[in-house]
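A look at the structure
Single-letter residue listing:
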Amino acid sequence: MTSESVALAPFDALASAAVLTQARLGQGPRPFDLPAALQPQNAAQAYAVQDAVVQARGVVAGWKVGASGPEAPPSRGALTQDSVWVCAQGQPQALSCGGNVVIGVEAELVYELGTDLPPRAQPYSRAEVLAAMRSARAAIEVCDTRYAAWGVQSAWSRLADQGSHGALVVGCGLTSPADLAALDPLTLPVGLWVNGALAVQRAAWGNPAGDPLRLLVWLANEGAHSLGGLRAGQWVTTGSCTGNLLVAPGSVVVAELGGVGRAELRCIA
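Definitions and cut-offs
- Numbers given to residues run from 1 along each chain, matching the order in which its sequence is written.
- For a predicted model such as this one, the threshold for reporting local features is a pLDDT of at least 70, and the threshold for listing and counting side-chain atom pairs is 80 or more; totals across whole chains, interfaces and linings nevertheless cover every residue.
- Calculation of side-chain values draws on the structure's entire complement of heavy atoms; hydrogens and water are dropped beforehand.
- Note on conventions: DSSP H or I runs of at least 4 residues are helices, E runs of at least 2 residues are strands, and numbering of each starts at the N terminus.
- We compute the radius of gyration over the C-alpha atoms and compare it with the globule rule, which gives 2.2 Å times the number of residues raised to the power 0.38.
- Each residue is placed in one exposure class: buried if its accessible area under a 1.4 Å probe, protein chains only, is under 20% of its type's maximum, exposed if it is over 50%, and partly exposed if it falls in between.
- Residues count as neighbours in contact if any of their non-hydrogen atoms are within 4.5 Å of one another.
- Under the convention used here, a 1.4 Å probe and the Shrake-Rupley method define accessible areas, while residue burial counts only the protein chains that appear.
- One less than the number of residues in a helix, times 1.5 Å, gives the span that helix is expected to have.
- Here, the arc refers to the directions that run from the helix axis to the C-beta atoms.
- N or O atoms within 3.5 Å of each other form a polar contact, as long as, within protein, one can give a hydrogen and the other can take it, and as long as residues adjacent in sequence are counted only when both atoms are side-chain atoms.
- Whether two strands pair comes down to DSSP finding at least two bridges between them.
- Lines are fitted to the C-alpha atoms to define the axes, a helix being fitted only along its stretch in contact, and any angle between axes, read from their N-to-C directions, falls within 0 to 180 degrees.
- Buriedness for pockets is judged along seven lines, at least five of which must meet protein on both sides within 12 Å for an open set on the 1 Å grid over protein atoms alone, while cavities are sets there where a 1.4 Å probe fits but cannot get out, and lining residues have an atom within 4 Å of a point.
- Grid points are joined across faces, edges and corners, and a volume is the space filled by probe spheres set on the points.
- Ten residues, namely Ala, Val, Leu, Ile, Met, Phe, Trp, Tyr, Cys and Pro, are considered nonpolar, four, namely Asp, Glu, Lys and Arg, are considered charged, and the remaining ones, Gly among them, are considered polar.
- In plain words, nonpolar cores are sets of buried Ala, Val, Leu, Ile, Met, Phe, Trp, Tyr and Cys residues tied together by side-chain atoms within 4.5 Å.
- The term salt bridge refers to a side-chain nitrogen of Lys or Arg lying within 4 Å of a carboxyl oxygen of Asp or Glu.

1. Some details on the overall build of the chain
- Scanning the chain from terminus to terminus reveals 7 helices and 13 strands.
- Scaling as 2.2 N^0.38, a compact globule of 269 residues should have a C-alpha radius of gyration of about 18 Å, and the chain matches this with 18 Å.
- The burial tally for the chain puts 50% of its 269 residues in the buried class.
- Excluding contacts between residues fewer than 6 apart, the proportion of contacts in the chain whose partners are at least 24 apart in sequence is 75%.
- As displayed, the chain has an accessible area near 11600 Å², and 58% of this comes from carbon and sulfur atoms.

2. Looking at helix α2 (residues 13–24)
- Spanning 12 residues, α2 covers 17 Å between terminal C-alpha atoms, matching the ideal 16 Å at 1.5 Å per step.
- Inspection of α2 places A13, S16, A17, L20, T21 and A23 among the buried residues, and these make up the whole buried set. The arc enclosing the buried residues of α2, seen along the axis, measures out at 160°, which places them on a common side.
- Buried residues belonging to α2 abut α3 (43–57) and α5 (155–160).
- At the N-terminal end of α2, a side-chain oxygen is found 3.3 Å from the backbone nitrogen of L14, two or three residues along, and the residue is D12.
- Phi turns positive, to about 70°, at G26, one or two residues after α2.

3. Description of α3
- In a regular helix each residue adds 1.5 Å, so 15 residues correspond to 21 Å; α3 covers 21 Å between its end C-alpha atoms and thus fits that length.
- All buried positions along α3 are accounted for by A46, Y47, V49, Q50, D51, A52, V53, V54 and R57.
- Looking one or two places after α3, you find G58, whose phi comes out positive at around 135°.

4. Remarks on the environment of V190
- Residue placement: V190 occurs in strand β8 (residues 190–194).
- Measuring from C-alpha to C-alpha, the distance between V190 and G258 comes to 6.3 Å, with 68 residues separating the pair along the chain.
- The residues touching V190, leaving out its near neighbours within four places in the chain, are A107, V200, Q201, R202, W205, C241, T242, E256 and L257.

5. Observations concerning the pairing of strand β1 (residues 60–66)
- Summarising burial for β1: 7 of the 7 residues are buried, a large majority.
- For β1 and strand β2 (residues 75–80), the ladder comprises 6 bridges, and the chain directions are antiparallel. In the sheet register, K64 faces β2, and the bridge partner there is G77.
- Pairing between β1 and strand β10 (residues 235–240): 3 bridges, direction parallel. Directly across from K64, in β10, lies its bridge partner T237.

6. Things to note about the sheet that holds strand β13 (residues 261–268)
- Overall, mixed pairing links the 5 strands, which are arranged β4-β13-β12-β8-β9 in an open sheet. The sheet terminates laterally at β4 (93–96) and β9 (197–202), the two strands that pair on one side only. Taking each pair of neighbouring strands and ignoring which way they run, the sheet shows an average axis angle of 20°.
- When β8 meets strand β12 (residues 252–257), the two strands line up antiparallel, connected through 5 bridges. Looking across to β12, one finds that G191 is bridged to E256.

7. Structural notes on empty space enclosed by the protein
- Applying the stated criterion across every chain yields a total of 1 cavity of 30 Å³ or more.
- The space that makes up the largest cavity amounts to roughly 40 Å³.
- Contributing to the lining of the largest cavity are L20, T21, R24, V53, R146, A160, D161 and Q162.
- Top contributing element to the lining of the largest cavity by residue count: α2, with 3 residues.
- Looking at side-chain class alone, the lining of the largest cavity contains 3 nonpolar, 2 polar and 3 charged residues.

8. Considerations on the nonpolar core
- Ranked by size, the top nonpolar core spans 69 residues in total, and within it W63, L109 and L265 carry the most contacts.
- With 7 residues, the top contributor of residues to this core is helix α7 (residues 212–223).
- When near neighbours in sequence (up to four residues on either side) are disregarded, L109 contacts A136, R137, L183, P185, L188, W205, P212, V236, T237, T238, L257 and V260.
- Residues L79, V84, L168 and V170 belong to the second largest nonpolar core, which totals 8 residues.

9. Details of the pattern of salt bridges
- Evaluation of the coordinates by the stated rule reveals 12 salt bridges.
- Here R262 ties to E256 by a salt bridge, and the two come within 3.4 Å at their closest N and O atoms.
- The exposure class assigned to R262 is partly exposed, which follows from its relative accessible area of 31%.
- Note that E264 is salt-bridged to R266, the shortest N-O span being 3.1 Å.
- A residue is classified by how much of its surface remains accessible, and R266, at 36% relative accessible area, is partly exposed.
- Sharing partners across several salt bridges, the network here consists of E256, R262, E264 and R266.

Printed below as a string of structure tokens:
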């Protein structure tokens, strides 16, 4: 086989996804990165791997979406039901974290869809996307990795791994249409507590992506299309407002978004 034929070989997203799925299930050692021939080289390849991982694990229960800046292109991770937890009536959520490589916690704003937004030729407007939301709540995303080490892979390999998603803990928040319409995320104060001590505080928002509705519109019009679009009952978490904070097993983490709600996580070792 010549070097030219190797270079022209099609990218095998399913084989790449199988490596990540086996690592998640503990069916083999965690690699430090995907094998060289299975490493995605662009966003399209990374999403093809991510989609294959998600489709092998079940129905899409939610999404994570973010961007590095207000004008930067967004990116997304699809989330399955086994990693999405909704706190019952605002109660703490206990989550087993003993198998994590890391426990990275972030305070986030999550939206709940009340109406389907399937793929369509005409782009959804900002007003249509906002009207499709049923609630907005405080949340904690737990970041983790299927690789053997944290943060040493390429950006495309991390995107393939659901954007380093571990779990999403959804807390309480706003449920009335009037409150949702009046919500201005950019003015929200945000706090993150670990074991009762204030770890991070932001007077207003703190998410580098800026306006989260821009991210929701992108997700509805482009980002979610390969997995059938957005569906009622799904959650969309819109990126960290506090940065990523690594905590130890056994930690109790509380996220509060002023004027919205709070979420509490107990990391069981």
